[in-house]
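So you can see what is in the structure, the chains are spelled out below.
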Amino acid sequence: MATQSGITIDGPDKPYTIVSNLPRPIPGSKQALVKCLAVGLNPVEPLQQHTGLLITEWPAVIGSDFVGAVLEVGPECARLRPGDTVYGCAPLGQNRFAPFQETFLVEEGVVFKKGDNISIEEAATVGAGLLTAGLCLLAGAGLKLSDDGTRAPEKDEWVVVFGGAGTVGQFAVQIAHACGYKVLASCSPSKDSIALKSGATATFNNRATVDDQLAQIKKVTGGNFARMIDTTAYGYDIMVKALETCSTAATKYLTSVDDWSPFNTPSAINEYRASLGHLCRLDESTGAQVTQDIAGWISTFEAHLGTGTLRPIEYQLFDGIGWESVIKGIQELESGKAAKKIVVRTQAE
Ligand SMILES: NC(=O)c1ccc[n+]([C@@H]2O[C@H](COP(=O)([O-])OP(=O)(O)OC[C@H]3O[C@@H](n4cnc5c(N)ncnc54)[C@H](OP(=O)(O)O)[C@@H]3O)[C@@H](O)[C@H]2O)c1
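Source: prediction; values computed, not measured.

### Brief notes about the site of the ligand
Here is step 1: Taken together, 20 residues lie near the ligand, and S188, K191, V257, A274 and L276 sit nearest.
Here is step 2: In the environment of the ligand, an oxygen atom lies 3.5 Å from a nitrogen or oxygen atom belonging to the backbone of G166.
Here is step 3: V168 places a main-chain nitrogen or oxygen 2.9 Å from an oxygen atom of the ligand.
Here is step 4: Within the complex, the protein chains bury 77% of what would otherwise be the 930 Å² of accessible surface of the ligand.
Here is step 5: Tallied by class, residues from the shell around the ligand come to eight nonpolar, nine polar and three charged.

### Focus on the domain arrangement of the chain
When the parts come together, some accessible area is lost, and that loss is often what is quoted as the size of the interface.
Here is step 1: By domain assignment, the chain separates into domain 1 (3-126 + 312-345) and domain 2 (130-278).
Here is step 2: One C-alpha centre belongs to domain 1, the other to domain 2; they are set 28 Å apart.
Here is step 3: In this assembly, eleven residues from domain 1 lie in contact with ten residues from domain 2.
Here is step 4: Counting each side, the surface lost to burial between domain 1 and domain 2 is near 910 Å², with a carbon and sulfur contribution of 63%.
Here is step 5: Applying the counting criterion to the domain 1 and domain 2 interface returns one salt bridge.
Here is step 6: Its salt-bridge partner being K197, residue E314 comes within 2.5 Å of it at the nearest N-O pair.
Here is step 7: By residue class, the composition of the side of domain 1 that touches domain 2 is seven nonpolar, two polar and two charged.

### Considering the state of the cysteines
Here is step 1: One pass over the full model with this rule turns up zero disulfides.
Here is step 2: Free of any disulfide, C179 has its nearest cysteine sulfur in C136, 13 Å distant.
Here is step 3: Unpaired in this structure, C280 has its nearest cysteine sulfur neighbour in C89, at a distance of 9.7 Å.
Here is step 4: On the accessibility criterion, C280 (14% relative accessible area) is buried.

### Digging into the pattern of salt bridges
Here is step 1: Summed over all chains, the structure comprises 14 salt bridges.
Here is step 2: Across the pair E271 and R273 runs a salt bridge whose closest N-O atoms are separated by 4.0 Å.
Here is step 3: Using a relative accessible area of 37% as the deciding quantity, one classes E271 as partly exposed.
Here is step 4: One network of salt bridges, in which partners are shared, links E121, R345 and E349.

### Re the packing of helix α6 (residues 210-221) against helix α7 (residues 236-245)
Each pair of packed helices can be described by the angle between their axes along with the distance between the axes.
Here is step 1: In the contact formed by α6 and α7, the axes pass within 10 Å of each other and the chain directions differ by 45°. Classed by the angle they form, the pair α6 and α7 counts as oblique. The hand of the α6/α7 crossing is right-handed. Counted together, V210, Q213, L214, I217 and K218 of α6 and I238, K241, A242 and T245 of α7 form the full contact between these two elements.
Here is step 2: Looking at the contact of α6 with α7 residue by residue, the class counts come to five nonpolar, two polar and two charged.

### Some thoughts on the UniProt feature "domain: Enoyl reductase (ER)" (unreviewed entry) in the chain
Here is step 1: Taking the UniProt record as the reference, the feature "domain: Enoyl reductase (ER)" (unreviewed entry) is found at residues 11-344.
Here is step 2: Note that residues 11-344 is 31% helix and 24% strand, and that its end C-alpha atoms are spaced 24 Å apart.

### Structural notes on the environment of I327
Here is step 1: Within the element layout of this structure, I327 appears in helix α9 (residues 323-335).
Here is step 2: Note on I327: relative accessible area 9%, which makes it buried.
Here is step 3: Between the C-alpha atoms of I327 and I7, which are 320 residues apart in sequence, the distance is 8.4 Å.
Here is step 4: The contacts of I327, once residues within four sequence positions are left out, are I7, Y16 and I18.

### Observations regarding the layout of surface pockets
Here is step 1: Taken as a whole, the second largest pocket holds about 230 Å³ of empty space.
Here is step 2: Every residue along the wall of the second largest pocket is listed here: E122, Q170, Q174, S193, I194, K197, S198, R311, P312, I313, E314 and Y315.
Here is step 3: Within the residue set of the lining of the second largest pocket, elements represented by two or more residues are α4 (167-178) and α5 (192-198).
Here is step 4: Looking at which element gives the most residues to the lining of the second largest pocket, the answer is α5, with four residues.
Here is step 5: Its residues placed into classes, the lining of the second largest pocket shows four nonpolar, four polar and four charged.
Here is step 6: Taken domain by domain, the lining of the second largest pocket gets at least three of its residues from each of domain 1 (3-126 + 312-345) and domain 2 (130-278).

What counts and how
Residues numbered from 1 in each chain as written. Predicted model: local features only at pLDDT ≥ 70, side-chain atom pairs only at ≥ 80, totals over all residues. Heavy atoms only, no water. Near = heavy atom within 4 Å. Polar contact = N/O pair within 3.5 Å; in protein donor to acceptor, adjacent residues only side chain to side chain. Areas by Shrake-Rupley, 256 points an atom, 1.4 Å probe, with all protein chains shown as cover. Nonpolar A, V, L, I, M, F, W, Y, C, P; charged D, E, K, R; others polar. Domains from an automatic or database assignment. Contact = heavy atoms within 4.5 Å. Buried area = accessible area lost by both parts, 1.4 Å probe. Salt bridge = Lys/Arg side-chain N within 4 Å of Asp/Glu carboxyl O. Disulfide = S-S within 2.5 Å. Buried < 20%, exposed > 50% of the residue type's maximum accessible area, 1.4 Å probe, protein only. Axes fitted to C-alpha atoms, helices over the stretch in contact; angles between N-to-C directions. Helix = DSSP H or I, 4+ residues; strand = E, 2+ residues; numbered from the N terminus. Parallel < 35°, antiparallel > 145°, perpendicular 65-115°, else oblique. Left-handed = near helix turned anticlockwise from the far one by under 90°. UniProt positions renumbered as here; feature names shortened; annotations may be inferred. 1 Å grid on protein atoms, 1.4 Å probe; cavity = no way out; pocket = protein on both sides within 12 Å on 5 of 7 lines; lining within 4 Å. Points joined across faces, edges and corners; volume = space filled by probe spheres on them.

Structure, rendered in C-alpha cells:
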C-alpha cells in the first residue's frame, strides 16, 4: 500500500501530529486523486480538532478549503483530467477526502476547475465561503445568479448581510450584489472597506446595540428588504426583530450559518440554516440536498468566477510550505490575530 505524509489528530482535543504513514486513497468512479497544493483555513478546523465535530474515523485527517492538482481520475470522470487544477471545500469528517495530506480524493461534481484569472493562493480562499453563502442565499432565500456570469440588472430592493467582512460574509455580499440587489452589510467599523469592496452599498456597526443596529437597518433600507443572512452566528435575534419590525415585505427570509443553536423563528418568516459540513453525506437527507444543490451551481459559480462577478477574497499567505506551517496557521487563526483569511502552501507544484 502506498503511503504519504499529512496531519492527524488521535481524538477530540488531541494535538496535531505530522505522520508519514497515511494510506494513499484510490479514486472511485466519479472521483479524482488530487495532490494538495494549498489550503485556506476556516473556523471549522480548530472546532473539529477540539470537539471531533462531524469526524467519522480516528485518527482523523481534517481540512476544508483546498487547491490541488489532479493526478488520477476514476473511470467515469467526465469533467476532470490529470493536470487540471481544482479547488473547493472538502467533505468533512472522512479521511480520504481531507486536504491536510499529500493526496486526497475529490468528487468531480462538487469542485471548481481553476481558470487562469485566479492564482493558486486566491483559489484557496473560495470554497467554504462561496458555497455556504450560496446555500443561504440561493437555496435559502431564493436568489438566482445568471447562468452566463453577468450581473443581473439593478433591483430596487435590499439584502441585509450580517458580517459582510468575514469569509462567508464577503461572498454573501458578492452573490447578493451579482443578483442585482443593493446590499447593506454589518461589520466592525474598521473593516467597512472590505464589505464595500465586495459590493455592499452601505454598512453598519455589528458591535452597536441591538436598537442602534435596527435603527440603521430601517434608516438605510426604508424597510425595503425581504432577505437577511447572518454569516457571523451572532445575528439571529436582530434578524428576527428586523424582519418583524422593519421589513415591509410580504414574504420574508431569515438565513444563517448557525446550524447548531436552538432557533424559534416566527412561522411567518421562512428560515434556512446552511449545513455545508454535510456535503457528500448522501445517506442523510440534509447531506443529499446540500450535495445536489451545490452540484447544480458549480458551472454557474465557475462562470461568475471566470468573469470576475464573483472574486476570491483578500488573504494572508502564511510563512513556509508544508504541514508545520498549516499547524502554525491554525494556531494563528485561533489566536484571533489574523486580519485576513489565512492561506498556506502545502507542497510545490
Ligand atoms: N453551517 C455551515 O454550513 C457553516 C459553513 C461555514 C462557516 N460556518 C460558520 O460561519 C461563521 C463564520 O465563518 P467565517 O469563515 O466567515 O468566519 P470569519 O471570516 O472569521 O468571520 C467571522 C465573522 O463574525 C463577525 N463577528 C465576530 N465576532 C462578532 C461579534 N461579537 N458580534 C458580531 N459579529 C461578530 C466578524 O465581523 P468583523 O470581522 O467585521 O468584526 C466576521 O464577519 C463561523 O461561526 C463558522 O463556523 C458555518
